[in-house]
Amino acid sequence: MESIIFEGNLKNGQPIHMRKLTAGQLPEILSLQQEVIEALEVKERLQPLTEEEFRFILDGNGEMLGVYADGELIAWRAMLVPDNDHEGLGRDVGVPEEEISKVIYQEISAVSPKWRGFSLQTLMGLVLMERVDSDKHRYVCSTVMPGNIPSLKDKFRHGLEVRALKEKYGGKLRYVFFKDLKTQEHQRTESREIPMDDIAGQQALLGTGWAGTALVGDGNGWFVRYER
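Predicted, not measured: the structure shown is a model, and the values here were computed from it.

What is the right way to read the nonpolar core from this model?
Generally speaking, nonpolar side chains in soluble globular proteins are found buried as a group. Counting 36 residues, the largest nonpolar core has Val67, Ile74, Leu120, Leu152, Tyr175, Phe177 and Tyr226 as its most contacted members. Examining the composition of this core, we find that five residues originate from one element, helix α4 (residues 120–131), more than from any other. In this structure, leucine 152 is in contact with Val144, Met145, Gly147, Tyr175, Phe177, Met196 and Leu215, ignoring residues within four places of it in sequence.

Below, the structure written as structure tokens:
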């Protein structure tokens, strides 16, 4: 197994460590994915990966990190180097065709239901983003289902923005997130907050150059802040 990348204690005092995962941990990876799926009230919030897709990442087409506690895999997260932007996320957000090879995806993540509330998804994301080779990969893309509040918050924490809202994965509505690792954020002068369930309103703004930059609200109602 790979050497430890990170180690520390959770807020409850539980020691954890983070390692790079390999194909040897595939049974643990699949088991945790199934545990997460079974705990979901809305199954569509997660687009699970097949064993073949996991092997593609683990065979050098990206990176997976896993968090362990007491010898048990309790969370993992992946970055994927896509084959010619195979899910079309780079093209969805306007990456020039000659730059498509520089796109990398923030892929699936999973946290055991027994270990929620410890910001493990965010921690793994921070480490993975720091490990991205910006000489090879300039554009980070990802998708999130509207209503998946933890994942939406996670993407905004990492500085990704909503640049599209459209059907993906065979007709499933998804936000398409984007971050350019080499271009500094430009000054924006206009801001609007749109209810998350106003799909047409958000799509209209995105079609005229606005970007979703933050999630606003609480359990009584969620809004996406758009700026340009």
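Where do I start with the side chain of glutamate 99 in this structure?
Topologically, glutamate 99 is positioned in the loop between α3 (89–92) and β5 (103–111). A polar contact is formed between the side chain of glutamate 99 and the side chain of tyrosine 139, at a distance of 2.9 Å. If near-sequence neighbours (up to four positions away) are discounted, glutamate 99 is found in contact with Arg138 and Tyr139.

Please clarify how the packing of helix α1 (residues 26–39) against helix α2 (residues 51–58) should be interpreted in this entry.
Think of two packed helices as two axes; the pair is described by the angle between the axes and how far apart they sit. At a closest axis distance of 11 Å, the pairing of α1 and α2 adopts a crossing angle of 130°. Considered as vectors, α1 and α2 are oriented oblique to each other. Of the two elements, α1 crosses α2, and the hand of that crossing is right-handed. Contacts between α1 and α2 involve Leu26, Ile29, Leu30 and Gln33 from the first element and Glu51, Phe54, Arg55 and Leu58 from the second.

What is the right way to look at the environment of leucine 46 in this model?
Along the polypeptide, leucine 46 turns up in the loop between α1 and α2. Note on leucine 46: relative accessible area 15%, which makes it buried. Spatially, the C-alpha atoms of leucine 46 and valine 36 are 8.9 Å apart, while their sequence positions differ by 10 residues. Sequence-distant contacts of leucine 46, that is, excluding residues within four places in its chain, are made with Val36, Ile37, Leu40, Ile108 and Ser109.

In this structure, what is going on with the layout of surface pockets? I would like to understand it.
Vacant regions in the atomic arrangement are exposed by a probe of water-molecule size rolled over the atoms. Estimated volume of the largest pocket: approximately 1,000 Å³. In terms of lining, the largest pocket is formed by 41 residues, of which the most central are Ser109, Gln121, Asn148, Pro150 and Ser151. When grouped by side-chain class, the residues that make up the lining of the largest pocket number 20 nonpolar, 11 polar and 10 charged. With three residues, strand β8 (residues 172–180) is the single largest residue contributor to the lining of the second largest pocket. Taken together, the residues of the lining of the second largest pocket break down into one nonpolar, four polar and six charged.

Where do I start with the packing of aromatic side chains in this structure?
The relation between two aromatic rings is expressed through the spacing of the ring centres and the mutual angle of the planes. Following the criterion strictly, the structure yields five aromatic pairs and no others. Between tyrosine 139 and phenylalanine 178, the aromatic rings sit 5.9 Å apart at their centres with planes inclined by 20°, giving stacked as the arrangement. Linking tyrosine 139 in strand β6 (residues 139–144) with phenylalanine 178 in strand β8, this pair joins segments that are 39 residues apart in sequence. For tyrosine 139, a relative accessible area of 6% corresponds to the buried category. Members of the aromatic cluster, each reached through a chain of ring pairs, are Phe156, Tyr175 and Phe177.

Just to check I follow, could you spell out the environment of lysine 102 for this structure?
Relative to the elements of secondary structure, lysine 102 occurs in the loop between α3 and β5. Residue lysine 102 is classed as partly exposed on the basis of its relative accessible area of 29%. Along the primary structure lysine 102 and valine 162 are separated by 60 residues, whereas in three dimensions their C-alpha atoms are 19 Å apart. For lysine 102, the contacting residues outside a window of four places in its chain are Lys136, His137, Arg138 and Tyr139.

Would you mind showing me how to read the pattern of salt bridges here?
Where charged atoms of side chains with opposite charge meet at close range, the side chains can pair. Taken as a whole and assessed by the stated rule, the structure comprises 16 salt bridges. In this structure, glutamate 161 engages arginine 188 in a salt bridge whose closest nitrogen and oxygen atoms are separated by 2.6 Å. Placement of the pair is glutamate 161 in strand β7 (residues 161–168) and arginine 188 in the loop between β8 and β9 (191–195), with a sequence separation of 27 residues. As far as the burial class goes, glutamate 161 and arginine 188 line up, both buried. What emerges from the salt-bridge pattern is a single network uniting Glu99, Lys102, Arg138 and Asp180.

Cut-offs applied
Counting starts from 1 at the beginning of each chain's written sequence and moves along it residue by residue. Local features in a predicted model are, by the rule used here, given only for residues with pLDDT of at least 70; side-chain atom pairs are given and counted only at 80 or more, and totals for whole chains, interfaces and linings are based on all residues. Remark: hydrogens and water are excluded; side-chain values derive from all non-hydrogen atoms of the structure. Nine residue types can take part in a nonpolar core, namely buried Ala, Val, Leu, Ile, Met, Phe, Trp, Tyr and Cys, and a core is a set of them joined through side-chain atoms within 4.5 Å. Throughout this description, buried means an accessible area under 20% of the type-specific maximum (1.4 Å probe, protein chains only), exposed means over 50%, and partly exposed covers the range between. In this description a helix means any DSSP run of H or I spanning at least four residues, a strand means any run of E spanning at least two, and both kinds are numbered starting from the N terminus. Contact between two residues is taken to exist if any of their heavy atoms lie within 4.5 Å; hydrogens are not considered. Throughout this description, a polar contact denotes any pair of N or O atoms lying within 3.5 Å of each other; where both atoms belong to protein, one of them has to be capable of donating a hydrogen while the other can accept it, and for residues adjacent in sequence the pair is counted only when both atoms sit in side chains. Between N-to-C directions, angles cover 0 to 180 degrees, with each direction set by a line fitted to C-alpha atoms, over the stretch in contact for helices. Here the word oblique covers every angle except those under 35 degrees (roughly parallel), over 145 (roughly antiparallel) and from 65 to 115 (roughly perpendicular). Definitions for this section: a left-handed crossing has its near helix turned counterclockwise from the far helix by less than a right angle. A right-handed crossing has that turn clockwise. Residues are called lining when one of their atoms sits within 4 Å of a cavity or pocket point, these points coming from a 1 Å grid over the protein atoms alone, where a cavity is a set in which a 1.4 Å probe fits but cannot get out and a pocket is an open set with protein on both sides within 12 Å along at least five of seven lines. Grid points are joined across faces, edges and corners, and a volume is the space filled by probe spheres set on the points. Three classes are used, and their members are as follows: Ala, Val, Leu, Ile, Met, Phe, Trp, Tyr, Cys and Pro are nonpolar, Asp, Glu, Lys and Arg are charged, and the others, Gly among them, are polar. Stacked, tilted and edge-to-face are the three classes applied to pairs of Phe, Tyr and Trp rings, where Trp contributes its six-membered ring and a pair requires centres within 6.5 Å; stacked means planes under 30 degrees apart, edge-to-face means over 60, and tilted covers the rest. Salt bridge, as used here, is a side-chain nitrogen of Lys or Arg placed within 4 Å of a carboxyl oxygen of Asp or Glu.

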